[in-house]
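Coordinates in review
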Amino acid sequence: MVNYVDATSQAKRTPGVIPLHGAEGFAGMRKAGRLTAEALDMLVEHVHPGVTTGELDQLALQFARDHGAVPATLFYKGYRHSVCTSINHVVCHGIPGDRPLREGDIVNIDLTLVVDGWHGDSSRMYPVGEISRKAERLIRVTYESLARGIDAAVPGNTTGDIGAAIQRYAEAERTSVVRDFVGHGLGQLFHDEPNILHFGTPGMGPRLKPGMIFTIEPMINLGRPQVKILNDGWTAVTRDRTLSAQCEHSIGITETGHEVFTASPAGLFNPLDAR
């Protein structure tokens, strides 16, 4: 059974209890989401062969400091970086370091900025120089999968409708949907109810109501959906070593549909489109 409560009365995540946010929450999420999107826009020109993922991490950290924000992942459960950088067959939670990007790589950069207590969470794919046709196709399928999921995020539908829309499209394109990681509620909490599966059955799961705020962040593989976690405890990779891609928006359910908080002000959410 799922309960819905006023978000102002919810101080911590409670399983099965979904907070509903009002105008103040939506205003806070707009501000946090826009700044996160601006930071990811800023990184577009810096993603090129030879740059290290550690350098990208430092650019994101400096941007946050310059704008009075805090990266939510910094020291989160022992994580020591401002972004996650997931390259090629890394599905998510790749750790920035000294590895330089190479021509033909694809990299997901995942960033959450906390602004006045609100979390703007987004990720996008960046091509490094000229990439292969299969890599470009995977990225475009992943972005369209997210778009299909967002289209299903309207009041009266369910979380299962979101997952089913993503799964239906991705599998029709002969790709697979990762099951091990999900979208999540957020706001003044980094991770809240509900979980948003990127696969599922129409009509199943909690019903979507105005005031709900959550991420949709499908991870799509060229090969099989299975992943494994490396010994660092964070990095998830495809078991068959095939390419993986992810993109993510933070959205809120409105009376008539949804609002995307992390839309790119510069139109660079998919950097492939800017080429």
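Computed from a predicted structure; not experimentally measured. (Residues numbered from 1 in each chain as written. Predicted model: local features only at pLDDT ≥ 70, side-chain atom pairs only at ≥ 80, totals over all residues. Heavy atoms only, no water.)

Our next topic: the overall build of the protein. Looking only at helices and strands, the protein has four helices and 17 strands in total. Taken over C-alpha atoms, the radius of gyration comes to 17 Å for the protein, in line with the 19 Å a tight globule of 275 residues would show. Principal axes of the C-alpha set define a box for the protein whose edges measure 50 × 45 × 35 Å. Going through the 275 residues of the protein one by one, you find that 56% of them count as buried. The long-range fraction of contacts in the protein, counting pairs at least 24 apart against all pairs at least 6 apart in sequence, stands at 71%. For the protein, the centre of its 26 positive side-chain charges and the centre of its 31 negative side-chain charges are spaced 6 Å apart. (Helix = DSSP H or I, 4+ residues; strand = E, 2+ residues; numbered from the N terminus. Rg over C-alpha atoms; globule rule 2.2 N^0.38 Å. Buried < 20%, exposed > 50% of the residue type's maximum accessible area, 1.4 Å probe, protein only. Contact = heavy atoms within 4.5 Å. Lys, Arg positive; Asp, Glu negative; His and termini not counted. Charge placed at Lys NZ, Arg CZ, Asp CG, Glu CD.)

This next bit is on the pattern of salt bridges. Here the structure, examined in full by the defined rule, presents 11 salt bridges. Between E171 and R179 there is a salt bridge; the shortest N-O distance is 3.7 Å. Residue R179 is classed as partly exposed on the basis of its relative accessible area, which comes to 34%. (Salt bridge = Lys/Arg side-chain N within 4 Å of Asp/Glu carboxyl O.)

Our focus in this paragraph is the sheet that holds strand β14 (residues 236-238). Here three strands make up an open sheet; going across it, the order is β5-β14-β13 and the pairing antiparallel. Each edge of the open sheet is held by one strand with a lone partner, namely β5 (90-92) and β13 (227-229). Between one strand axis and the next, the sheet turns by 40° as a mean value, whatever way the strands run. Sheet topology places β13 next to β14; three bridges connect them, and they run antiparallel. Considered in β14, the bridge of K228 is made with V237. (Pairing = 2+ DSSP bridges. Axes fitted to C-alpha atoms, helices over the stretch in contact; angles between N-to-C directions.)

In terms of nonpolar packing, the biggest core is built from 32 residues, with I106, I139, A153, I162, L208, F214 and I216 touching the most fellow members. At the level of elements, α3 (133-151), α4 (159-172), β11 (213-216) and β16 (249-253) are the ones that each hand at least two residues to this core. A153 has contacts with I162, L208, F214, I216, I251, I253, G257 and H258, leaving out every residue within four places of it along the chain. Membership of the second largest hydrophobic core comes to 29 residues, among which are L35, A69, I213 and F261. (Core = buried A, V, L, I, M, F, W, Y, C linked by side-chain atoms within 4.5 Å.)

What follows covers the packing of α3 against α4. Look at α3 against α4: their axes get within 8 Å of each other, and the N-to-C directions meet at 150°. Compared by their axis directions, α3 and α4 come out roughly antiparallel. Judged by the sense of rotation from one axis to the other, the crossing of α3 with α4 is right-handed. Contacts between α3 and α4 involve V141, E144, S145, R148 and G149 on the former and, on the latter, I162, A165, I166, Y169 and A170. Class assignment for the residues of the contact of α3 with α4 results in six nonpolar, two polar and two charged. (Parallel < 35°, antiparallel > 145°, perpendicular 65-115°, else oblique. Left-handed = near helix turned anticlockwise from the far one by under 90°. Nonpolar A, V, L, I, M, F, W, Y, C, P; charged D, E, K, R; others polar.)

Once that is clear, we can look at α4. For α4, which comprises 14 residues, the first-to-last C-alpha distance of 20 Å matches the rise-based estimate of 20 Å (1.5 Å per residue) to within 8%. A large share of α4 lies buried, amounting to 11 of its 14 residues. Among the residues making up α4, those that are buried are T159, G160, D161, I162, G163, A164, A165, I166, Q167, Y169 and A170. On the buried face of α4, the contacting elements are α3, β8 (176-177), β10 (192-196), β11 and β12 (219-221). Just past α4, the residue R174 takes up positive phi, approximately 65°. (Expected span 1.5 Å × (residues − 1).)

Assignment of secondary structure puts D41 in helix α1 (residues 23-43). Residue class for D41 comes out buried when judged on its relative accessible area of 11%. Within the local environment of D41, its side chain forms a polar contact with the backbone nitrogen of A266, the two atoms lying 3.3 Å apart. Aside from chain neighbours lying at most four places away, what touches D41 is R124, S264, P265, A266 and L268. (Polar contact = N/O pair within 3.5 Å; in protein donor to acceptor, adjacent residues only side chain to side chain.)

Time to look at the environment of V2. Structurally, V2 is set in the segment before β1 (3-6). Exposure remark for V2: the relative accessible area of 35% places this residue in the partly exposed category. Each C-alpha atom of the pair V2 and T262 lies 27 Å from the other, and the pair is 260 residues apart in sequence. Setting aside its immediate chain neighbours within four residues, V2 contacts G16, I18 and P206.

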